[in-house]
There are 2 protein chains.
Amino acid sequence: MTDDSTAAAPSRRELNKAATRQAISDAALKLLRGKGPGNFTVEDIAAAAGISRRTFFNYFSSTEAALASVTNGFLDHALQQFRLRPAEEPILESARAALMELADPMTVAPMAELFTLTQQNSSLVRSELEAWDHCTEQIILAAKERVAKTPGAAIDELYLRALAGSVISCGKAAMDVWFAQCGADLSPASLSVLRQLLIDAIGHLGAGFDSPARPSSPTLLKDRF
Amino acid sequence: MTDDSTAAAPSRRELNKAATRQAISDAALKLLRGKGPGNFTVEDIAAAAGISRRTFFNYFSSTEAALASVTNGFLDHALQQFRLRPAEEPILESARAALMELADPMTVAPMAELFTLTQQNSSLVRSELEAWDHCTEQIILAAKERVAKTPGAAIDELYLRALAGSVISCGKAAMDVWFAQCGADLSPASLSVLRQLLIDAIGHLGAGFDSPARPSSPTLLKDRF
DNA sequence: TGCAAACTTGCACTTAGTGTAATCATGTGA
DNA sequence: TCACATGATTACACTAAGTGCAAGTTTGCA
């Protein structure tokens, strides 16, 4: 009666845990939508997810952590793309390619919603920050692994950390500007704006931010501000 | 009997508040030194500062916030330097000059100590992140004010945010590498290492991170790793 | 001096987060 | 199929964070 058709057998236990975890996140997001940040408790989430308060804390350390799964999913997607890039490629180019993936509708949609719901709430903003920082560390790790594969190359810790941090900052800047301009609009036009913002931000980074003060449009569509 | 010898008269009230605020921060730091992160409560801090628990919360919203005054002081110093730079100067150059100030012994000493005491404690690390982020926003604001003074110039929001974030990331990267290399060592030699790291990080940024993987020393002292 | 505004404090209350032990579900071997 | 070990859920109790409120205290000002 057991389902052993697949190789990497996810046991009943693992499935249950994953389902519970998802149920908690979903419940938290639903409450965020319905009541707004700060207007519901862990107990509310637990009730909505059909579990006890104590079990909630077995899965997440706080309300923010439960909500952070959205951001983490978003950033993990980019990270995954980064890891798929060829090892010979310059890190900056790999990062550029990875960031491009963020402009995908399916990927950015939950993030866009969370962003609108989160605005002006300090504790949620803090956990967002933490997620971006975690992603930075992961990029550093991935880059180190990549370099470790190449026999002759040494790694400059400072170069790597400064680069990873800057790339993430550019991604964050692009997202911020996009939200400010387009809100949670997910239309093709809006997404192409986001794509362009990501390209421009990384472009500035690659060019060493050489233009002191930009008088007008560097590439395309930059009005409505 | 009142002290009205100075112009911008700080009233008795203001002085008391400032003193209390400082007493709380000091007490918190002393407890952090003595007991380690997570091993003391707000009540302990209040008792050590000679105030009630309730009053603590009139000044700070949490233990972390009380400790954050160290980081904020550190970053405010850089920010202040940034604001003092001439308006015609490229922002990147102003930022470089401001970051250099962080290698000053008096400025960096409390930060270095906090860093060693803070390591491995997630909630303190989070409030550090918040402080760096706050500094980024302040830089953006300062840069906007600067541009507003120059009549003809428009500002590119993306350029500004990406640049500010990247500069801060470089500062953070330099600090991280410095701590990893030198710990809380504040000797002139150690400080010159920090200064060099800050220069190199901003150098990488200004050069668009063009070197794919750095085989050896870009400027000076880069061994011991 | 006396009043108003600002600051401090004690108290009560809600909620977060954790340790513990009992209970329930799942996987495993005979 | 049963028994048993292991892992997950839960109730309960407890500490501590954070907040609202109202009474008391200090400071500023006329």
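Here the structure is a predicted model, which means the values were calculated and not measured. (Residues numbered from 1 in each chain as written. Chains lettered and ligands numbered in written order. Predicted model: local features only at pLDDT ≥ 70, side-chain atom pairs only at ≥ 80, totals over all residues.)

## Some details on the overall build of chain A
- Secondary structure summary: chain A contains nine helices and zero strands in total.
- Along its sequence from the N terminus, chain A presents helices and strands in the succession α-α-α-α-α-α-α-α-α.
- Taken over 225 residues, chain A has a buried fraction of 35%.
- Once local pairs closer than 6 in sequence are excluded, the contacts in chain A between residues at least 24 apart make up 65%. (Helix = DSSP H or I, 4+ residues; strand = E, 2+ residues; numbered from the N terminus. Buried ≥ 20, exposed ≤ 12 C-beta atoms within 10 Å, placed from the backbone. Contact = placed C-beta atoms within 7 Å.)

## A few points about the interface of chain B and chain A
- Contact with chain B, which involves 40 residues of that partner, is made by 42 residues of chain A.
- Of all the secondary structure elements, the ones that give two or more residues to the side of chain B that touches chain A are helix 7 (122–149), helix 8 (157–182) and helix 9 (188–206) of chain B.
- Broken down by element, the side of chain B that touches chain A gets its largest block of residues, 15 residues, from helix 8 of chain B.

## Regarding the relation of the copies chain B and chain A
- When chain B is fitted to chain A, the residual RMSD is 0.1 Å, and the transformation amounts to a turn of 180° plus an axial shift of 0.0 Å. One copy is carried onto the other by what is essentially a two-fold rotation axis.
- Same-surface contact between copies: 100% of interface residues of chain B are shared with the interface of chain A. (Least-squares fit on C-alpha atoms with pLDDT ≥ 70 in both.)

## Quick word on the packing of helix 9 (residues 188–206) of chain A against helix 8 of chain B
- Helix 8 of chain B packs onto helix 9 of chain A with a crossing angle of 50° between their chain directions and a minimal axis gap of 10 Å. It follows from the interaxial angle that helix 9 of chain A and helix 8 of chain B lie oblique. Where helix 9 of chain A crosses over helix 8 of chain B, the two elements pack in a sense that is right-handed. Between helix 9 of chain A, through Leu197, Asp200, Ala201, His204 and Leu205 of chain A, and helix 8 of chain B, the contact on the second element is made entirely by Leu158, Tyr159, Ala162, Leu163 and Ser166 of chain B.
- Across the contact of helix 9 of chain A with helix 8 of chain B, the residue classes break down as seven nonpolar, two polar and one charged. (Axes fitted to C-alpha atoms, helices over the stretch in contact; angles between N-to-C directions. Parallel < 35°, antiparallel > 145°, perpendicular 65-115°, else oblique. Left-handed = near helix turned anticlockwise from the far one by under 90°. Nonpolar A, V, L, I, M, F, W, Y, C, P; charged D, E, K, R; others polar.)

## Observations concerning the protein's contact with DNA strand D
- Within the structure, DNA strand D sits among 20 residues, and Ser52 and Thr55 of chain A together with Ser11, Arg12 and Ser62 of chain B are positioned closest to it.
- Put simply, the parts of the chain that give the surface near DNA strand D at least two residues each are helix 1 (12–35) and helix 3 (53–59) of chain A together with helix 1 (12–35), helix 2 (42–49) and helix 3 (53–59) of chain B.
- Here the residues of the surface near DNA strand D sort into three nonpolar, 10 polar and seven charged. (Near = placed C-beta within 6 Å.)

## What about the protein's contact with DNA strand C?
- Taken together, 20 residues lie near DNA strand C, and Ser11, Arg12 and Ser62 of chain A together with Ser52 and Thr55 of chain B sit nearest.
- At the level of secondary structure, the elements contributing two or more residues to the surface near DNA strand C comprise helix 1, helix 2 (42–49) and helix 3 of chain A together with helix 1 and helix 3 of chain B.
- Class assignment for the residues of the surface near DNA strand C results in three nonpolar, 10 polar and seven charged.

## Here we look at the nonpolar core
- Core analysis: the biggest nonpolar cluster contains 110 residues, and Ala174 and Ala201 of chain A together with Ala174 and Ala201 of chain B have the highest contact counts within it.
- Setting aside residues no more than four positions away along its own chain, Ala174 of chain B makes contact with Leu158 of chain A together with Leu194, Leu197, Leu198 and Ala201 of chain B. (Core = buried A, V, L, I, M, F, W, Y, C linked by C-beta atoms within 7 Å.)

## What to know about the environment of Ala112 of chain A
- Along the chain, Ala112 of chain A turns up in helix 6 (residues 105–118).
- Beyond its immediate sequence surroundings of up to four residues, Ala112 of chain A is in contact with Ala184 and Leu186 of chain A.

## Here's the deal with unusual backbone geometry
- With phi around 50°, Phe209 of chain A is a residue other than glycine that occupies positive phi space.
- Position of Phe209 of chain A among the secondary structure elements: in the segment after helix 9.

## A word on the environment of Thr20 of chain B
All names here are of chain B.
- Relative to the helices and strands, Thr20 resides in helix 1.
- Assessed through the 17 C-beta atoms surrounding it within 10 Å, Thr20 is described here as partly exposed.
- Each C-alpha atom of the pair Thr20 and Trp178 lies 33 Å from the other, and the pair is 158 residues apart in sequence.
- Among residues more than four places away in sequence, those in contact with Thr20 are Ile51 and Tyr59.

## Considerations on helix 7 (residues 122–149) of chain A
- Over its 28 residues, helix 7 of chain A runs 41 Å from end to end, which matches the ideal 40 Å to within 8%, given 1.5 Å per residue.
- Among all positions in helix 7 of chain A, only Leu124, Ser127, Glu128, Glu130, Ala131, Cys135, Thr136, Ile139, Ala143 and Arg146 of chain A are buried. (Expected span 1.5 Å × (residues − 1).)

## Quick look at helix 4 (residues 63–84) of chain A
- Under the 1.5 Å per step criterion, the end-to-end length of helix 4 of chain A is 32 Å for 22 residues, consistent within 8% with the ideal 32 Å.
- The largest bend along helix 4 of chain A reaches roughly 35° and is located at Ser69 of chain A. (Bend = angle between axes of the 7 residues up to and from the residue.)

## Topic: the packing of helix 7 of chain A against helix 7 of chain B
- Packing of helix 7 of chain A against helix 7 of chain B leaves a shortest axis separation of 10 Å and a crossing angle of 95°. Judged by the angle between their axes, helix 7 of chain A and helix 7 of chain B are roughly perpendicular. Residues Arg126, Leu129, Glu130 and Asp133 of chain A of helix 7 of chain A pack against Arg126, Leu129, Glu130 and Asp133 of chain B of helix 7 of chain B.
- Broken down by class, the residue content of the contact of helix 7 of chain A with helix 7 of chain B amounts to two nonpolar, no polar and six charged.

## Observations concerning the confidence of the model for chain A
- Per-residue confidence for chain A averages 89 on the pLDDT scale, and 89% of its residues sit at or above 70.
- Across residues 212–225 of chain A, confidence stays below pLDDT 50; counting only partners more than four residues off in sequence or on other chains, it has 19 contacts. (pLDDT = per-residue confidence, 0-100.)

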